[in-house]
Amino acid sequence: MATHVLDITNEHCPMTLVKTKLKLAQIPAGDILEVLLTEGEPLNNLPRSAREQGYNVLDVSHVEGKIHKVTIQKSV
């Protein structure tokens, strides 16, 4: 199991969702994806969307300033 990082702090919806979905498609099942994003619409939408698509959202945490991290595990 490996951990991958995706920085989408400069992206806006819907690109935040698109880039996260593409990255999740590239990593092996069971791996972790840490997504760095900004508060507001990306932070509100990404965890919900990931859950709806069957991914396991392990954590949502504040990093610094307006930056947050969503930790997602790709389903096995």
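Located above this text is the structure these notes cover.
As a convention, each chain's residues are numbered from 1 in the sequence order in which they are written. For this predicted model, a pLDDT threshold of at least 70 governs which residues receive local features, and a threshold of 80 or more governs which side-chain atom pairs are given and counted, while totals over whole chains, interfaces and linings are taken from all residues. By convention in this description, side-chain values take in all heavy atoms of the structure and omit both hydrogens and water.

### Notes on the environment of His 68
Right, so step 1: For helices the rule is a DSSP run of H or I covering at least 4 residues; for strands it is a run of E covering at least 2, with both sets numbered from the N terminus onward. When you line up the elements, His 68 lands in strand 4 (residues 67-73).
Right, so step 2: Owing to a relative accessible area of 10%, His 68 belongs among the buried residues under this scheme.
Right, so step 3: Residues His 68 and Asn 45, spaced 23 residues apart in sequence, show a C-alpha to C-alpha distance of 13 Å.
Right, so step 4: The contacts of His 68, once residues within four sequence positions are left out, are Val 35, Leu 36, Leu 37, Glu 39, Leu 43, Ser 61, His 62 and Val 63.
Right, so step 5: Under the rule applied, a polar contact is a pair of N or O atoms within 3.5 Å (in protein, one hydrogen donor and one hydrogen acceptor; residues adjacent in sequence only if both atoms are side-chain atoms). A polar side-chain atom of His 68 sits 3.4 Å from the main-chain carbonyl oxygen of Lys 66. With a 1.4 Å probe rolled over the protein chains alone, any residue whose accessible area is under 20% of its type maximum counts as buried; one over 50% counts as exposed, and the rest are partly exposed. The criterion used for residue contact is that any of the two residues' heavy atoms lie within 4.5 Å.

### As for a nonpolar patch on the surface
Right, so step 1: Exposure above 30% relative accessible area and no salt bridge define the residues that can form patches, which grow by joining like charges within 9 Å and nonpolar side chains of Val, Leu, Ile, Met, Phe, Trp and Tyr within 5 Å. Accessible areas in this description were obtained via Shrake-Rupley with a 1.4 Å probe; residue shielding takes into account the shown protein chains only. Throughout this description, the term salt bridge denotes a Lys or Arg side-chain nitrogen within 4 Å of a carboxyl oxygen of Asp or Glu. Residues Met 15, Val 18 and Leu 22 make up a contiguous nonpolar surface patch of roughly 250 Å² in combined accessible area.
Right, so step 2: Among the structural elements, Met 15 can be located in helix 1 (residues 15-26).

### Thoughts on the pairing of strand 3 (residues 56-64)
Right, so step 1: Strands qualify as paired when DSSP identifies two bridges or more between them. As paired strands, strand 3 and strand 4 are joined by 7 bridges and run antiparallel to one another. Paired with Glu 64 across the two strands is Ile 67, which belongs to strand 4.
Right, so step 2: Hairpin geometry of strand 3 and strand 4 is characterised by an intervening segment of 2 residues between the two adjacent antiparallel strands and by a positive phi of about 55° at Gly 65.

### Overview of the pairing of strand 4
Right, so step 1: In this structure, strand 2 (residues 32-38) lies alongside strand 4, joined through 7 bridges in antiparallel fashion. Paired with Leu 33 across the bridge in strand 4 is Ile 72.

### Some points on the sheet that holds strand 1 (residues 3-7)
Right, so step 1: Strand order in the open sheet made by the 4 strands is 1-2-4-3, with mixed pairing throughout. Across the chains shown, the open sheet's two edge strands, defined by having one partner strand only, are strand 1 and strand 3. Strand-to-strand twist of the sheet, defined as the mean angle between neighbouring strand axes without regard to direction, takes the value 20°.
Right, so step 2: Working convention: axes come from line fits to C-alpha atoms, limited for helices to the stretch in contact. Angles between N-to-C directions cover 0 to 180 degrees. Helix 2 (residues 41-52) rests against strand 2, strand 3 and strand 4 of the sheet, and its axis sits at about 155° to strand 2.

### Here we look at unusual backbone geometry
Across residues other than glycine, the phi torsion is negative in most instances, and most of the peptide bonds are trans.
Right, so step 1: That bond from Cys 13 to Pro 14 is cis: its omega, 5°, falls within 30 degrees of zero.
Right, so step 2: Tracing the backbone shows Pro 14 in the loop between strand 1 and helix 1.

### A look at the pattern of salt bridges
Right, so step 1: On inspection of all chains with the given rule, the structure shows 3 salt bridges.
Right, so step 2: As a salt-bridge pair, Lys 19 and Glu 11 come within 2.9 Å of each other at their nearest N and O atoms.
Right, so step 3: Residue classification places Lys 19 among the partly exposed positions, given a relative accessible area of 32%.
Right, so step 4: Under the relative-accessibility criterion, Glu 11 is labelled partly exposed at 22%.
Right, so step 5: Glu 52 is the partner of Arg 48 in a salt bridge, and the nearest nitrogen-oxygen pair spans 3.6 Å. Remark: Glu 52 and Arg 48 occur in helix 2; sequence separation between them is 4 residues, near one turn of the helix.
Right, so step 6: We classify Glu 52 as exposed; its relative accessible area is 60%.

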